[in-house]
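Okay, here's what each chain looks like letter by letter:
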Amino acid sequence: LCLDGPISSCEDGQRKGENPIRRNSMSALRQPVALSALRDPISIKSLRELQVEKHLSRDILKLSVPELDKVLEGLPKGAITEVFGPPSSGKSTLLHASLAAAVCAGEFCTLIDANDTFDPVSAEASGIDLTRLLWVRCGGNLENAIRAADMLVHGGGWGLIALDLGDLTPVALSRLPLSYWYRFRLAVQNTPTVMLVLEREPFVRSCAALAIEMRQAQPKWTGTHPRFQLLEAGTLEVAPKKPVGKGGRFEAKTRISA
Amino acid sequence: MIACLQLLESSLGAEEINRIRACAEFFAPVAEIRSDEGLALFDIRGLGKLIGSAEEIALSISSKANELGFVAAIVLAPNREAAMAGAKGLARYGSLGSFQPESKRLTAPPTRWGGQDKSQERPALSAAELQTTHQAVENVSSKKPETRRSDIQGLSSERTRRAGQGRRDQTLQESLRFESLTMVIHPGEERTKLGGLPLEVLSPDERLRETLEIWGIHTFGELAELPAQGVAERLGEEGLQLYRLACGMGLQPLVRLPEKPVFVERVELEHPLELLEPLSFLLSRMLREICAKLEWHGLAANEVEVQLELDPDSRRDPAELENPEELRAIAREHFRRIRLPVPSREASLFLKLLQLDLNAHPPPAAVTVITVKVEPVEPRRLQNGLFLPAGPEPQKLEITIARLAAFVGQGHIGSPELLDTHRPGAFRMNRFVVTESWKQKQVGIHWAMRVFRPPLPATVEMREGKPTMIRAKGLRGKVTASGGPWRCSGDWWTAAPWNREEWDVALADGTLYRIYREKEKGWFVEGNYD
């Protein structure tokens, strides 16, 4: 990654004075350019800056909800987005919002549900047209979920592919070879597909272009008397980890407040 | 000139229709086939240079019909409507003049066509008569056209008798070379030659038929003698059209009706097949042939049926062999049907789907006969918007879904549809179809649930009417805050009523769950907010 940044910045610098033919030949010979760039302290960028640059250069799927747009710019297309957090942190809420945004943009979406925990009722309340969602229920079988994801990712044509591993234990997920994630990353690369992976802990790591940590929600109850109250809403917290962003909080409604 | 073939057989099976189609397509590239009426119309212009006069063409058509093994009334007329009316009349009444209305039958002389009254019908042709007829037909080819015509007309009346007698003498019938009834109506002869036909041939509607009955109009000739303007004034557009048909006027050109041919391939095997792999080879060949035919016809298919006839002596399941008689009665055939959301004519797609289906549902015994049938439909024509996102390719997606269904289960893949009920979490799985339109809904942030399927049975401690402690499989904690109860019930008018009170509870570890209590069943954890 450190070499990628200086190469591009060096090429930008050379565009001013050099002819384009030489620039093309220089881009073919990457190693000398990178070394020359490393000698120039101005062109060296930090890892974070490179991540942000790369993230910004991608097409993104806007979530189209004002509260979420404040805390997240969107989900990158042609890359894996990893959403992780403990139970009741809002992973599924973010998933539903992403699915709704993709469907509203006219995309077809698929959800590979490893533990069969998807709730169509709250999904429709989030604004998802369920006819454009292919739901694959794997009944707790991780191997089936990975196989299904692989087939659907390679099938192509999806706007959003969500792989929900949120109820599987970290121990089970840690047995997955890292090569699976590389395979998924390569499959979605150069496609307009957003791949969303939900887990309790981050496992996609370097293969994810965007990693979002969700923190446990603060419930909001109606009424003042503890004996007569209902769950009204929850305040969810988003903290982008890769690239590191400011994040923020947003409120999710329940059936009482919706 | 237009030629019309009308089948004389009462049964109009697919085989008979195919025969008249073959006969029509032998003489003309474009034919109008009316399967429901057993009728074929085709243009014979230009055949004069190849065959000869209209009469010779009629004989050639009759000869071809004989060769193909069917008997028909063949009428050549200047236009489509006259040919059709003539052929129908000839097929129904034996000759165009044999019809007599009830009121005139006893008094009036035979009409200008000089047909026989049914009461005077002669018995079957004697051998001598038949020989005479045969000779007359033989002589036709050596005579000039003018003389042949009269011979053919004379022959028609002989054949009429034969048709009326129901072709009782099979031996004599086989010895007759030309069996079909033929008639040539030259331009200008429409009124005179069709004049004796009853109006029933044109199938007028009930109101018109009654009116004409009151007027004493029974035949084409009687209607054609009326003034056109008067008919139009009194009977309207329908009456005028009937009048034009009775006058033998042409109303429309030949219409090549779209036929829906059934594409079927059948293979009878010398040795029963037990494995799916060789079966796939045969299916592949059959599907390729069917798809080639579909492509040739510009059609596609969205449904494939495979019927496998089984060898009852080669069953593999030993449990079934205990009662072989019952076994034989149960299944001699294995039937599978594949449906596609969009029409296709790719043999590889059908084959892959069939392979997946047969792997999931293999035939219980060795296969002796394979029949593949597809239902032809119009192919899918679609132009996507330039700025609309492209969805998954339907054909490819169908295979992917079939493959996924093979290992996750048939009911575990599709798009969910919420049911019209208040029962919590009621939905059904539908087949996922790539559609072009979608519902634009209001997008908002709704706190999602992760549902436990099935709900976790739980033990809940209550204090002062509120839950304080929960224990379930993989879940245990002290309740720090709770909201509820949220009472709901439904289906009390059915055999499966439900009644529950729900609580939202926050545990000490920060997680939020929805729990509920059902009468007589106890506590359950429905899911958690996430």
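Details of the structure are given in the entry above.
All figures in this text were calculated on a predicted structure; none of them were measured in a lab.

(A) The arrangement of the interface of chain B and chain A in detail. Listed as interface residues are 61 residues of chain B and, on the opposing side, 75 residues of chain A. One can count five salt bridges joining chain B with chain A. Taken together, chain B and chain A are joined by 27 residue pairs in polar contact (both at pLDDT 80 or more). Among the secondary structure elements, those contributing two or more residues to the side of chain B that touches chain A are helix H15 (394–408), strand S10 (413–418), strand S11 (427–430), strand S12 (449–463), strand S14 (475–490), strand S15 (498–507), strand S16 (512–518) and strand S17 (522–529) of chain B. In terms of residue class, the side of chain B that touches chain A is built from 28 nonpolar, 19 polar and 14 charged. Where strand S5 (residues 133–137) of chain A meets S10 of chain B, two bridges bridge the pair, whose relative direction is antiparallel. Counted as the bridge partner of Trp-135 of chain A is Gly-414 of chain B from S10 of chain B.

(B) Quick peek at helix H14 (residues 347–360) of chain B. All names here are of chain B. With 14 residues, H14 should cover 20 Å at 1.5 Å per step; its first-to-last C-alpha distance of 20 Å lies within 8% of that length. Residues of H14 that are buried include every one of Ala-347, Leu-349, Phe-350, Leu-351, Leu-353, Leu-354, Leu-356, Asp-357 and Leu-358, and no others. Looking at the buried positions of H14, the neighbouring elements they touch are helix H12 (276–296), strand S7 (300–310), strand S8 (333–344) and H15.

(C) Representation of unusual backbone geometry within the structure. Cis geometry marks the peptide bond from Lys-242 of chain A to Pro-243 of chain A, where omega comes out at -10°. Here Pro-243 of chain A shows up in the loop between strand S9 (231–242) and strand S10 (248–253). Cis peptide bonds are those with omega within 30 degrees of zero, and the linkage from Arg-453 of chain B to Pro-454 of chain B qualifies with -5°. Along the polypeptide, Pro-454 of chain B turns up in strand S12.

(D) Broad picture of the packing of H12 of chain B against H14 of chain B. Residue and element names in this part refer to chain B. Look at H12 against H14: their axes get within 9 Å of each other, and the N-to-C directions meet at 150°. Accordingly, the angle class assigned to the pair H12 and H14 is roughly antiparallel. H14 is crossed by H12, and the crossing has right-handed handedness. Of the residues in H14, those touching H12 at Leu-276, Leu-279, Ser-280, Leu-283, Ser-284, Leu-287, Arg-288 and Cys-291 are Ala-347, Phe-350, Leu-351, Leu-354, Gln-355, Leu-358 and Asn-359. Grouping the amino acids of the contact of H12 with H14 by side-chain chemistry returns ten nonpolar, four polar and one charged.

(E) Region of interest: the side chain of Thr-81 of chain A. Residue and element names in this part refer to chain A. Positionally, Thr-81 belongs in strand S3 (residues 79–84). Thr-81 sits in the buried class, given a relative accessible area of 0%. Residues in contact with Thr-81, not counting those within four places in the same chain, are Leu-75, Pro-76, Met-195, Leu-196, Val-197, Leu-210 and Ile-212.

(F) Highlighting the pairing of S16 of chain B. Residue and element names in this part refer to chain B. Within S16, six of the seven residues are buried, which leaves it mostly tucked inside the rest of the structure. What sits between the antiparallel neighbours S15 and S16 is a turn of four residues, in which Gly-510 has the positive phi angle 95°. One ladder, built from six bridges, connects S16 with S17; its direction is antiparallel. Looking at the pairing, Tyr-513 lines up with Asn-528 of S17. The turn joining S16 and S17, which pair antiparallel and follow one another in sequence, is formed by three residues; a positive phi near 70° is taken by Glu-520.

(G) Just the packing of aromatic side chains, in detail. If you walk through the whole model with that rule in mind, you get eleven aromatic pairs over all chains. Considering the side-chain rings of Phe-27 of chain B and Phe-42 of chain B, the 6.2 Å spacing of their centres and the 10° angle between planes classify their relative orientation as stacked. Separated by 15 residues along the polypeptide, Phe-27 of chain B in helix H1 (residues 14–27) and Phe-42 of chain B in strand S3 (residues 39–43) bring together distant segments of the chain. On the basis of relative accessibility, which here comes to 11%, the residue Phe-27 of chain B falls in the buried class. Through a chain of ring-to-ring contacts, three or more aromatic side chains come together here, namely Phe-108 and Trp-158 of chain A together with Phe-432 of chain B. Between the NZ or CZ atom of Arg-132 of chain A and the centre of the ring of Phe-108 of chain A, over which it lies, the distance is 3.9 Å. For the cation-ring pair, Arg-500 of chain B lies above Tyr-516 of chain B, with the distance from its terminal atom to the ring centre recorded as 3.8 Å.

What counts and what doesn't
Residues numbered from 1 in each chain as written. Chains lettered and ligands numbered in written order. Predicted model: local features only at pLDDT ≥ 70, side-chain atom pairs only at ≥ 80, totals over all residues. Heavy atoms only, no water. Contact = heavy atoms within 4.5 Å. Salt bridge = Lys/Arg side-chain N within 4 Å of Asp/Glu carboxyl O. Polar contact = N/O pair within 3.5 Å; in protein donor to acceptor, adjacent residues only side chain to side chain. Helix = DSSP H or I, 4+ residues; strand = E, 2+ residues; numbered from the N terminus. Nonpolar A, V, L, I, M, F, W, Y, C, P; charged D, E, K, R; others polar. Pairing = 2+ DSSP bridges. Expected span 1.5 Å × (residues − 1). Buried < 20%, exposed > 50% of the residue type's maximum accessible area, 1.4 Å probe, protein only. Axes fitted to C-alpha atoms, helices over the stretch in contact; angles between N-to-C directions. Parallel < 35°, antiparallel > 145°, perpendicular 65-115°, else oblique. Left-handed = near helix turned anticlockwise from the far one by under 90°. Phe/Tyr/Trp six-rings, centres within 6.5 Å; stacked < 30°, edge-to-face > 60°. Lys NZ or Arg CZ within 6 Å of the ring centre and 35° of its normal.

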